[in-house]
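Here is what each chain is made of, one letter per residue.
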Amino acid sequence: MATSSRPTARRRTFAAAGTAAALALTLAACGSSGDSSSMPGMDHGSKSSASSSPSAPEAMGDMPGMDHMASGNGLSDTEDGYRLTAKDAILPSDKQTAYRFTVTGPDGKAVTGFALDQTKRMHFYAIRSDLTGFQHIHPTMAGDGTWTADLASLAPGSWRLFASFTPDGGSGKDKDLVLSRTVTVPGTAAKTPLPAPATSTQVDGYTVTVKGEPMAGMAHPLTVSIAKDGKPVTDLQPYLDTYAHLTAFHEGDTAFAHLHPTTKVTGDDGGPDLNFHAELPTSGNWRLFLQFQTGGTLHTAALTLHVG
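Residues numbered from 1 in each chain as written. Predicted model: local features only at pLDDT ≥ 70, side-chain atom pairs only at ≥ 80, totals over all residues. Heavy atoms only, no water.

*Asks:* Any details on the confidence of the model for the chain? Residues and values, ideally.
*Replies:* Averaged over the chain, the pLDDT score is 81; the fraction of residues at 70 or greater is 77%. Scored below 50 in pLDDT, residues 1–70 shows 230 contacts in the model against residues more than four places distant or in partner chains. (pLDDT = per-residue confidence, 0-100. Contact = heavy atoms within 4.5 Å.)

Now the structure itself:
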């Protein structure tokens, strides 16, 4: 299993959060494999998938992946002198697209050195403005620093594309950055309403249940439990150095948050419970995309979480 190259000294320290009053922690049912398939472009790994919609945890220092959490919300194409640049502001609908972009440093030159973050040097996400069409891609970089992300077909509308990375040198060395740009896909854009919150959801025959008391701007634990046919799942396989990959987008502005389970990876026997530390900066509804792997297959569950 690949391990991160990032030093432990960089792991973020979260203030201990006191017990909060019970919130309406809720998750939208994305349906059985039904709701998952209704989520356009729900990607299950480094290969993008087609869009189908028209429109008490361990010590923080030992938490896998916690040294890879960016502090920003990703809603800018620049941070600390680093800039996400791309020529295309309009992308075609209903066809696969090779989206090319570059990250330039404070000196204006293309960055070519990137540290490993969960076994990858770049994580790339696409999300439509109504929080549908999620894609999680691991693009490839040419020698000149040009990255290519192979996007699945995109439904018409406004999309935000995020690049999550860590420079391996320069003034931004070992700093987690998330930059984004928006693109437009021409055509009739039918907005898909955000599913109402609920406490559990199903995907590909698995039932995903979440418990916790998240509050905006505070670190709170979340527990995700996974079952199948009424029995706890205990055969989760490592995916990107963890037993589950969790990405969240805020309703209204598509602000980005990236969370990781605190459970250590020990082999192909993860589950049924995964502990997360959630630090969502803004109240309101967040759309969560949980990716987990069993039997060599990745599953993506879409969840709506209300944060008070």
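*Asks:* Break down the nonpolar core for me, citing the residues and quoting the values.
*Replies:* One finds Ile226 and Phe292 to be the most contacted residues of the largest nonpolar core, which totals 29 residues. The set of elements that each furnish at least two residues to this core consists of β11 (206–212), β12 (220–228), β14 (245–250), β15 (256–259), β16 (273–278), β17 (284–294) and β18 (297–307). The contacts of phenylalanine 292, once residues within four sequence positions are left out, are Val203, Tyr206, Val208, Ile226, Leu236, Tyr243, Ala244, Thr297, Leu298 and His299. Grouped together as the second largest cluster of nonpolar side chains are 25 residues, Leu151, Leu154, Trp159 and Leu177 included. (Core = buried A, V, L, I, M, F, W, Y, C linked by side-chain atoms within 4.5 Å. Buried < 20%, exposed > 50% of the residue type's maximum accessible area, 1.4 Å probe, protein only. Helix = DSSP H or I, 4+ residues; strand = E, 2+ residues; numbered from the N terminus.)

*Asks:* Requested: an account of the sheet that holds strand β5 (residues 135–137), with residues and values cited.
*Replies:* Strand order in the open sheet formed by four strands is β5-β4-β8-β9, and the pairing between neighbours is antiparallel. Only two strands of the sheet have a single partner each, and these edge strands are β5 and β9 (177–185). Going across the sheet, the axis of each strand differs from the next one's by a mean of 20 degrees, ignoring polarity. By the bridge criterion, nine bridges tie strand β8 (residues 157–165) to β9 in an arrangement that is antiparallel. For serine 158, the partnering residue across the bridge sits in β9 and is threonine 184. (Pairing = 2+ DSSP bridges. Axes fitted to C-alpha atoms, helices over the stretch in contact; angles between N-to-C directions.)

*Asks:* Account for the packing of aromatic side chains, with residues named and values stated.
*Replies:* Using the criterion set out here, one finds 15 aromatic pairs in the structure. Arranged with centres 4.2 Å apart and planes meeting at 10 degrees, the rings of phenylalanine 134 and phenylalanine 289 form a pair that is stacked. Of the two residues, phenylalanine 134 is situated in the loop between β4 (123–128) and β5 and phenylalanine 289 in strand β17; the sequence distance between them amounts to 155 residues. Looking at phenylalanine 134, the relative accessible area reads 1%, which means it is buried. For the ring pair tyrosine 206 and phenylalanine 292, a centre distance of 5.5 Å and an interplane angle of 80 degrees mean the geometry is edge-to-face. Residue tyrosine 206 is found in strand β11, and its partner phenylalanine 292 is found in strand β17; the two are separated by 86 residues along the sequence. Neither residue differs from the other here; tyrosine 206 and phenylalanine 292 are each classed as buried. (Phe/Tyr/Trp six-rings, centres within 6.5 Å; stacked < 30°, edge-to-face > 60°.)

*Asks:* Account for the sheet that holds β18, with residues named and values stated.
*Replies:* The strand order across the open sheet formed by four strands is β15-β14-β17-β18, and the pairing between neighbours is antiparallel. Each edge of the open sheet carries a strand with a single partner, namely β15 and β18. The average angle at which neighbouring strand axes cross in this sheet is 20 degrees, direction not considered. Across eleven bridges, the pairing between β17 and β18 is antiparallel. Paired with glycine 284 across the two strands is valine 307, which belongs to β18.

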